[in-house]
Amino acid sequence: EGEKKDVKKVKRTSSLPAYTTEETAKFLEGNKSTAEIIDACENIIGKIFTTAETNIIIGMLDHLSLSGEYILLLFAHAAKMEKKSVRYVEKMALGFVDRDITSYKELESELAGIELAENTLKFIRKLFGIGRRSFTEKERGIVASWCVSWGFGNDIIEKAYEITANSTGGASLSYANAILESWNASGLKTEDEVRAQMNAEAEAKGEPAAGK
């Protein structure tokens, strides 16, 4: 399951091939588990697939050589993200194969990071008072760095926000990013470590400690 499969290289701009009725029937006849995989995917997103949507599943199995477990994980992720579209799953599959993310374990790790970033964005939206507007790609990248690349939890992010608000009188992602980037470079990962460094810096400047 965790081993990499011999997956065919497909360009990101490519789409899966179209299958004739005869080709579809032949594939289903020769791959008895495919019907079960299709049924499971339908159950995950709660709809019966059209012929075109069924052919997308076959294309992922046949053209991309992805495992059934891999495809089911893609559908589970799509459902969790409220993206219940087979075309959305197709786009994800092509993109991941293009990046050589082809084993179940690699996909599991990648999707965990995506889901963590999405949950953190919800927290950021409320904390920074961003409102209903969409996040820019740059902002998404910044937040992904905070929670995925650097491993900061919401408590540390909130601490950076407090310092940002106190220092600037506003809610600036770029200012908070500079703070978190500095903490990451210093190897600070917990609130206690951050507080200890802040107190040390305050003491060095002859200022009151930040608290305990």
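What counts and how
- Residues numbered from 1 in each chain as written.
- Predicted model: local features only at pLDDT ≥ 70, side-chain atom pairs only at ≥ 80, totals over all residues.
- Heavy atoms only, no water.
- Axes fitted to C-alpha atoms, helices over the stretch in contact; angles between N-to-C directions.
- Helix = DSSP H or I, 4+ residues; strand = E, 2+ residues; numbered from the N terminus.
- Parallel < 35°, antiparallel > 145°, perpendicular 65-115°, else oblique.
- Left-handed = near helix turned anticlockwise from the far one by under 90°.
- Contact = heavy atoms within 4.5 Å.
- Nonpolar A, V, L, I, M, F, W, Y, C, P; charged D, E, K, R; others polar.
- Polar contact = N/O pair within 3.5 Å; in protein donor to acceptor, adjacent residues only side chain to side chain.
- Phe/Tyr/Trp six-rings, centres within 6.5 Å; stacked < 30°, edge-to-face > 60°.
- Buried < 20%, exposed > 50% of the residue type's maximum accessible area, 1.4 Å probe, protein only.
- Lys NZ or Arg CZ within 6 Å of the ring centre and 35° of its normal.
- pLDDT = per-residue confidence, 0-100.

Draft legend 1. Local environment of the packing of helix H4 (residues 68–80) against helix H5 (residues 86–98). The geometry of H4 relative to H5 is characterised by a closest axis approach of 10 Å and an angle of 125 degrees between their N-to-C directions. The orientation of H4 relative to H5 falls into the category oblique. Both H4 and H5 take part in a crossing whose hand is right-handed. Where H4 abuts H5, its residues Tyr-70, Leu-74, Phe-75, His-77 and Ala-78 lie against Val-86, Tyr-88, Val-89, Met-92, Ala-93 and Phe-96. Along the lines of polarity and charge, the residues of the contact of H4 with H5 split into 10 nonpolar, one polar and no charged.

Draft legend 2. Layout of the environment of Asn-184. Residue placement: Asn-184 occurs in helix H9 (residues 173–185). It is 17 Å that separates the C-alpha atoms of Asn-184 and Ala-117, two residues lying 67 residues apart in sequence. Setting aside residues no more than four positions away along its own chain, Asn-184 makes contact with Trp-150, Phe-152 and Lys-189. A distance of 2.6 Å separates the side chain of Asn-184 from the side chain of Lys-189, its partner in a polar contact.

Draft legend 3. Structural context of the packing of aromatic side chains. One pass over the structure, following the stated rule, counts four aromatic pairs. The interplanar angle of 35 degrees and the centroid separation of 5.9 Å between the aromatic rings of Phe-49 and Phe-75 together place this pair among those described as tilted. Highlighted residues: Phe-49 in the loop between helix H2 (34–45) and helix H3 (51–62) and Phe-75 in helix H4, separated in sequence by 26 residues. Judged by relative accessible area, which is 8%, Phe-49 ranks as buried. Between the aromatic rings of Phe-128 and Tyr-161, the centroid separation amounts to 5.0 Å while the plane-to-plane angle is 65 degrees, which identifies the pairing as edge-to-face. Here Phe-128, found in the loop between helix H6 (104–127) and helix H7 (137–149), pairs with Tyr-161, found in helix H8 (residues 154–168); they are 33 residues apart in sequence, far enough to count as distant. For Phe-128, a relative accessible area of 7% translates into the label buried. By way of ring pairs, the aromatic residues Phe-128, Trp-146 and Tyr-161 are connected into one cluster. The positively charged end of Lys-189 is found above the aromatic ring belonging to Phe-152, 4.8 Å away from the centroid.

Draft legend 4. Representation of the confidence of the model for the protein within the structure. Averaged over the protein, the pLDDT score is 90; the fraction of residues at 70 or greater is 92%. When mean pLDDT is taken per element in the protein, H4 scores highest with 97 and helix H10 (residues 191–204) scores lowest with 88.

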